[in-house]
Amino acid sequence: MSYLPAIAWRDALDLKIRQEFTLPVISNHGLAVILTQLLAKDEYEGRAICPPRSGLNRDAFLSGRKALLERGALLLPERGLPQSLMRVPGRKDASPGEVMCAIDPFGHIAFLSAMEFHGLTNRLPKLLYFVTFDTASWRTLAEQRMEHELGGQLAAFQEADLPPLQYSVIKRLNGVVIETLRTKEAGHWRYAMDGAIRVTGIGRTFLDMIKRPDLCGGIRHVIEVFEEHARMYLTPILAEFNTHGGKIDRVRAGYILNERCGIERPEIDAWVADTARGGSRKLDPQAEYASEFSEKWSLSINA
């Protein structure tokens, strides 16, 4: 019977990163989790692991990190990124959106950036809109994620004083300004590009255009996008507005779909019930009130 030779723990960590890790960046926390999971087993790919003499601790983590950087398995981040992050050499072509989704496991691409992703706009700003949870919610999710990814090794991880999952402030990536919005309502997204990106779906993207036209190129651009694309995506648009839209969202969308796009549907007509007679509702929530008025939708057309 033949046996495979044992493997040093640093070599096993190197192989695991090169062969299994697919994201464009990894944090100190992410690397510490991989190291903890690796040393929790006696072997890697059929080869016995020679563990650190002192076992799992912060010194072992720092030694493993240093070895990976010296071998080129990981790279120090470019200027502007926290030193708690490292680049993965084979993923240098990753877009800023992919990198942000790798850095923040709870955030997603939204607003004008989501419109660009879905092919709804020809505007290509050097700016990425990224939505994530507020501080308290993010911290709670981080604790839950650590419990999930480490399971029975969580106590050992914490006892070894290894880096916890923490929020990173990112202001710029590859010349792209990162505009981060933090909110309790940051869960409206879907996976895209084989899970590499989290982005609002089509229906939610149209709803966001109505809720925050200022983050979507302005109300005039929003109307242009509705006029060009709403018929194609009418089913998910109606579903999203009926499920997650507020009354004023449906009124504003109803006016645009009905009077600007010329779309007649019973579902849209039903939204007339959401109007507020005698009120001062505006099409563009950020603009001044205008005298032009839609009687059907009880809406000041201030665009």
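Note that this is a predicted model, so its numbers are computed, not measured. (Residues numbered from 1 in each chain as written. Predicted model: local features only at pLDDT ≥ 70, side-chain atom pairs only at ≥ 80, totals over all residues. Heavy atoms only, no water.)

Engineer: Provide a residue-level description of the sheet that holds strand E3 (residues 43-44), including the pertinent values.
Structural biologist: On the basis of which strands lie adjacent, the open sheet formed by 3 strands has the order E1-E4-E3 and mixed pairing. Of all the strands in the sheet, just strand E1 (7-8) and E3 have a single pairing partner and so form its edges. When E3 meets strand E4 (residues 47-50), the two strands line up antiparallel, connected through 2 bridges. Paired with Glu-43 across the strands is Ala-48, a residue of E4. (Pairing = 2+ DSSP bridges. Helix = DSSP H or I, 4+ residues; strand = E, 2+ residues; numbered from the N terminus.)

Engineer: So what's going on with helix H6 (residues 135-150)? Residues and values would help.
Structural biologist: Helical geometry: 3.6 residues make up each α-helical turn, so side chains three or four residues apart lie on a common side. In a regular helix each residue adds 1.5 Å, so 16 residues correspond to 22 Å; H6 covers 22 Å between its end C-alpha atoms and thus fits that length. Taken as a whole, H6 has its buried residues at Trp-138, Ala-142, Met-146 and Leu-150. Seen along its axis, H6 keeps its buried residues to an arc of 75°; they face one direction. The outward face of H6, more than 90 degrees from its buried face, is lined by the exposed residues Glu-147 and His-148. Buried residues belonging to H6 abut helix H2 (28-39), strand E7 (127-133), helix H7 (154-159) and strand E9 (176-183). Following H6 by one or two positions, Gly-151 adopts a phi angle in the positive range, close to 55°. (Expected span 1.5 Å × (residues − 1). Buried < 20%, exposed > 50% of the residue type's maximum accessible area, 1.4 Å probe, protein only. Arc of directions from axis to C-beta. Contact = heavy atoms within 4.5 Å.)

Engineer: How would you sum up the packing of aromatic side chains? Please name residues and give values.
Structural biologist: Applying the stated criterion across every chain, the model contains 7 aromatic pairs. When the ring of Trp-189 is compared with that of Tyr-191, the centres are 4.9 Å apart and the planes differ by 80°; the resulting orientation is edge-to-face. With a relative accessible area of 29%, Trp-189 lands in the partly exposed category. Note on Phe-206 and Tyr-233: the rings are 6.4 Å apart at their centroids and 45° apart in plane angle, and the pair reads as tilted. Taken together, the positions of Phe-206 in helix H8 (residues 202-211) and Tyr-233 in the loop between helix H9 (219-229) and helix H10 (234-244) put the pair 27 residues apart, joining distant regions of the chain. A network of ring pairs unites the aromatic residues Phe-106, Trp-138 and Tyr-167 as a single cluster. For the cation-ring pair, Arg-182 lies above Tyr-167, with the distance from its terminal atom to the ring centre recorded as 3.8 Å. (Phe/Tyr/Trp six-rings, centres within 6.5 Å; stacked < 30°, edge-to-face > 60°. Lys NZ or Arg CZ within 6 Å of the ring centre and 35° of its normal.)

Note that every value here comes from positions in space, so none of it alone points to a role or purpose.
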